[in-house]
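Below are the chains, spelled out letter by letter.
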Amino acid sequence: MGKIYVVGIGPGEEASLTERAKKAIEDSDMIVGYKAYIDIVRAYYPDKEYLESAMKQEIDRCDRCIDLAKDNKSVALICSGDAGIYGMASPLLETAQKRGFNDIEIIPGITAASSGAALLGAPINHDFCVISLSDLLTPWELIEKRLRCAAKGDFCIVLYNPASHKRKDHLKRACEIMLTEISPDTVCGYVKNIGREGTETAVCTLSELADKQVDMFTTVFIGNSKTRIVNQKMVTPRGYENK
Ligand code: SAH
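What counts and how
- Residues numbered from 1 in each chain as written.
- Predicted model: local features only at pLDDT ≥ 70, side-chain atom pairs only at ≥ 80, totals over all residues.
- Heavy atoms only, no water.
- Helix = DSSP H or I, 4+ residues; strand = E, 2+ residues; numbered from the N terminus.
- Rg over C-alpha atoms; globule rule 2.2 N^0.38 Å.
- Buried < 20%, exposed > 50% of the residue type's maximum accessible area, 1.4 Å probe, protein only.
- Contact = heavy atoms within 4.5 Å.
- Lys, Arg positive; Asp, Glu negative; His and termini not counted.
- Charge placed at Lys NZ, Arg CZ, Asp CG, Glu CD.
- Near = heavy atom within 4 Å.
- Polar contact = N/O pair within 3.5 Å; in protein donor to acceptor, adjacent residues only side chain to side chain.
- Areas by Shrake-Rupley, 256 points an atom, 1.4 Å probe, with all protein chains shown as cover.
- Nonpolar A, V, L, I, M, F, W, Y, C, P; charged D, E, K, R; others polar.
- Pairing = 2+ DSSP bridges.
- Axes fitted to C-alpha atoms, helices over the stretch in contact; angles between N-to-C directions.
- Arc of directions from axis to C-beta.
- Phe/Tyr/Trp six-rings, centres within 6.5 Å; stacked < 30°, edge-to-face > 60°.
- Lys NZ or Arg CZ within 6 Å of the ring centre and 35° of its normal.
- Core = buried A, V, L, I, M, F, W, Y, C linked by side-chain atoms within 4.5 Å.

Asker: So what's going on with the overall build of the protein chain? Which residues, and what values?
Answerer: The helix and strand inventory of the protein chain stands at eight helices and 13 strands. Over its C-alpha atoms the protein chain spans a radius of gyration of 19 Å, differing by no more than 12% from the 18 Å that the globule rule assigns to 243 residues. If you line up the protein chain on its principal axes, its C-alpha atoms span 55 × 35 × 35 Å. Taken across its 243 residues, the protein chain has 47% of its residues classed as buried. Counting contacts in the protein chain only where the partners sit at least 6 residues apart, residues at least 24 apart contribute 69% of the total. Taking the average location of the 31 positive side-chain charges in the protein chain and that of its 34 negative ones, the two points are 3 Å from each other.

Asker: Summarise the site of the ligand; cite the residues concerned and give the values.
Answerer: Residues in close proximity to the ligand total 19 residues, the closest being Asp82, Ile85, Thr111, Met216 and Thr218. A distance of 2.8 Å separates a nitrogen atom of the ligand from a polar backbone atom of Ser80. A distance of 2.9 Å separates a nitrogen atom of the ligand from a polar backbone atom of Ile194. Notes on the ligand: free accessible area 540 Å², of which the protein chains cover 94%. Counted by class, the shell around the ligand contains ten nonpolar, seven polar and two charged residues.

Asker: Can you break down the sheet that holds strand E1 (residues 4-8) residue by residue, with the values?
Answerer: Reading across from one edge, E3-E2-E4-E1-E5 is the order of the five strands in this open sheet, with parallel pairing throughout. The sheet is open, and its two edges are formed by strand E3 (50-53) and strand E5 (104-107), each paired on a single side. Averaged over all adjacent pairs, the angle separating strand axes in this sheet is 20°, with direction ignored. When E1 meets E5, the two strands line up parallel, connected through four bridges. Of the residues in E5, the one forming a bridge with Val7 is Ile107.

Asker: Describe in detail helix H7 (residues 170-179), supporting the description with residues and values.
Answerer: Among the residues of H7, those classed as buried are His170, Leu171, Ala174, Cys175, Ile177 and Met178. Projected down its long axis, H7 carries its buried residues within an arc of 160°, all on one side. Contacts made by the buried residues of H7 are with helix H6 (140-152), strand E8 (156-160), helix H8 (206-209) and strand E11 (218-222).

Asker: Explain the environment of Leu119 to me, using residue names and the numbers behind them.
Answerer: When you line up the elements, Leu119 lands in helix H5 (residues 112-120). Through-space distance from the C-alpha of Leu119 to that of Glu52 is 30 Å; in sequence the pair is 67 residues apart.

Asker: Could you give an account of the packing of aromatic side chains, naming the residues involved and the relevant values?
Answerer: Where two aromatic rings form a pair, the distance of their centres and the angle of their planes describe that pair. For the coordinates displayed, the defined rule picks out two aromatic pairs. Aromatic pair Tyr34 and Tyr37: ring centres 5.2 Å apart, planes at 80°, arrangement edge-to-face. Taken individually, Tyr34 and Tyr37 each receive the classification buried, so the pair is uniform in this respect. A centroid spacing of 5.2 Å and a plane angle of 50° characterise the contact between Tyr86 and Tyr160, whose relative ring orientation is tilted. Remark: Tyr160 occurs in strand E8 and Tyr86 occurs in the loop between strand E4 (75-79) and helix H4 (89-98); sequence separation between them is 74 residues. Looking at Arg173, its charged tip hangs above the ring of Trp140, at a distance of 4.5 Å from the centre.

Asker: Run through the nonpolar core, naming residues and quoting values.
Answerer: In this structure, Leu147, Leu159, Met178, Leu209 and Ile222 are the most contacted members of the largest nonpolar core, which totals 25 residues. Listed by contribution, the elements that provide at least two residues to this core are H6, E8, H7, strand E9 (187-192), H8 and E11. Each residue touching Ile222, except ones within four places of it in the same chain, is listed here: Cys156, Ile157, Leu159, Met178, Ile182, Thr186, Val187, Cys188, Leu206, Leu209 and Met234.

Asker: Explain the sheet that holds strand E10 (residues 200-205) to me, and be specific about the residues and the numbers.
Answerer: Spatial ordering of the open sheet is given by E7-E8-E11-E9-E10, a layout of five strands whose pairing is mixed. What marks the edges here is a single partner per strand, and that holds for strand E7 (128-132) and E10. Going from strand to strand, the sheet's axes swing by 20° on average, the running direction of each strand aside. Bridge analysis of E9 against E11 gives five bridges, and the strand direction is antiparallel. Each residue of the ladder has a partner; that of Lys192, found in E11, is Thr218.

Following this line, the structure appears as structure tokens:
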């Protein structure tokens, strides 16, 4: 039987692809993934064989990988960022268990929280939470509860999936909830298209963030009560300067 690698490819640029990710891709007979990620990897490995799968076909994608592996092919199932952060690692492990397959290796990648933070400065250099605003698989009430608790706890917060074609007002709704717990002047930032063409960063306050137009290729950062702007960078202090 073949093996399945679940590979986090990082934000997009080749320099952020880890050596382990490269080796897994090189060792695989077939690269499987959502079209946008295949387009990224194909540019670096034009001679590999690819199998594109549509968005929202995640379980089908896992089944295809298992079919291929059972047919003696090694497969790289690719995800953006990290494979285990809103990635394909858990659906593949669950599907594989049902089908009695277990030769799986998860290869971590640089997640958008890390690559985006580096572009803004050091916005999550203390305790932080990562919350997805996608309510496709999670009830909105639970997302609201997590936002409220993270804000109450004075965590830095990273928002993934802040908007999509169908969910245009989720960031605004999220900001309104956080504004009931934390200051409207809280330092915030966002990064669009990390590691891809059209990278854009911006810094603003929480009250301004509510009206920003963001898309599904944006990661949003909300500071804690200590976060400030240092030389135009968003900085959450560790606390050394006050010691
Ligand atoms: N596994 C991915 C996350 C997938 S969820 C990771 O670890 O990064 C998809 C969300 O991730 C997007 O809506 C966006 O919020 C964020 N994201 C992923 N790649 C990004 C990129 N290149 N630029 C900006 N945001 C990105």
